[in-house]
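A structural walkthrough
In case you want the letters, here they are:
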Amino acid sequence: LGSYKSFGGFRAFPNRPYEGEHYLGFYWMHNFRTVPFEILGLRGLAKNGISLSIHGGHGRTWMSDRRRAALTYTPQYIDRFHHELGGSINGLWGLGRIDFTKRLDTSGFYVGWGLQLF
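Residues numbered from 1 in each chain as written. Predicted model: local features only at pLDDT ≥ 70, side-chain atom pairs only at ≥ 80, totals over all residues. Heavy atoms only, no water.

1. Focus on the side chain of Thr61
- With respect to the helices and strands, Thr61 occurs in strand β2 (residues 51–62).
- One polar contact links the side chain of Thr61 to the main-chain carbonyl oxygen of Glu19, over a distance of 3.0 Å.
- Residue contacts for Thr61: discarding those within four places in its chain leaves Tyr18, Glu19, Gly20, His22, Tyr23, Tyr77 and Ile78. (Helix = DSSP H or I, 4+ residues; strand = E, 2+ residues; numbered from the N terminus. Polar contact = N/O pair within 3.5 Å; in protein donor to acceptor, adjacent residues only side chain to side chain. Contact = heavy atoms within 4.5 Å.)

What follows is the structure in C-alpha cells.
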C-alpha cells in the first residue's frame, strides 16, 4: 500500500513483503500518550490528543535452496534478520499517525503513515 504502515508489519520496508517457507516476526510498540508533551509544557498538544510512541520490528524468513531453485521468479528474500526502530506522532487528524523508522541491520530511513486504532 505504498507509504501506509500497519502494526504487525515492517514499517521500514517499502517494497514487496519478504517471502519464504517459514517466517518469524516480533513487533512491539509503546505509546507514551501525552506525557512527553506535558513534561515539555506543551499542554495544547496534549489536550488535542497528540501523543508519541516508539516501535520496533525484528524478523526474517527462511527458504530452502531446493525450493528457491524451483521458483520461476526471483523471490524477495534475504538470508538474515531484519531489524528496525522508530517513533510515531499519533492522533493527527483524529486517528492518523506519522511514522519515522530506521533500519538497524542495513542503511535506510523511512517515513510512512497509518491509523492509530488503539
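From this point, the discussion proceeds with the structure in view.
2. Overview of the sheet that holds strand β3 (residues 82–92)
- With antiparallel pairing, 5 strands are arranged side by side in an open sheet as β1-β2-β3-β4-β5. Edge positions in the open sheet fall to β1 (22–33) and β5 (109–115), since each of these has one partner strand only. Sheet twist, expressed as the mean angle between neighbouring strand axes with direction ignored, is 20°.
- Of the strand pairs in this sheet, β1 and β2 are connected by 11 bridges, and their pairing is antiparallel. In the strand pairing of β2, Asn31 is matched with Ser53. (Pairing = 2+ DSSP bridges. Axes fitted to C-alpha atoms, helices over the stretch in contact; angles between N-to-C directions.)

3. Looking at the environment of Tyr18
- Relative to the assigned elements, Tyr18 resides in the segment before β1.
- Sequence separation between Tyr18 and Arg60 is 42 residues, and the spatial gap between their C-alpha atoms is 7.8 Å.
- Excluding its chain neighbours within four sequence positions, the residues that come into contact with Tyr18 are Phe10, Phe13, Thr61, Gln76, Ile78, His82 and Arg103.
- Looking at Tyr18, its side chain comes within polar contact range of the side chain of His82, at 2.8 Å.

4. Some points on the packing of aromatic side chains
- For the coordinates displayed, the defined rule picks out 3 aromatic pairs.
- With centroids separated by 5.4 Å and ring planes inclined at 65°, the aromatic side chains of Phe10 and Tyr27 adopt a geometry described as edge-to-face. A residue pair is termed long-range when its members are at least 10 positions apart, and Phe10 in the segment before β1 and Tyr27 in strand β1 qualify at 17 residues.
- Judged by relative accessible area, which is 25%, Tyr27 ranks as partly exposed.
- One aromatic cluster in this structure is built from Phe10, Tyr18 and Tyr27.
- Sitting over the ring of Phe81, Arg60 keeps its end group 5.5 Å from the ring centre. (Phe/Tyr/Trp six-rings, centres within 6.5 Å; stacked < 30°, edge-to-face > 60°. Buried < 20%, exposed > 50% of the residue type's maximum accessible area, 1.4 Å probe, protein only. Lys NZ or Arg CZ within 6 Å of the ring centre and 35° of its normal.)

5. Thoughts on a nonpolar patch on the surface
- Judged by side-chain polarity, Leu24, Trp62 and Phe81 come together as a nonpolar surface patch covering roughly 270 Å² of accessible area.
- With respect to the element layout, Trp62 can be found in strand β2. (Patch = residues over 30% accessible without salt bridge, like charges linked within 9 Å, V, L, I, M, F, W, Y side chains within 5 Å. Areas by Shrake-Rupley, 256 points an atom, 1.4 Å probe, with all protein chains shown as cover. Salt bridge = Lys/Arg side-chain N within 4 Å of Asp/Glu carboxyl O.)

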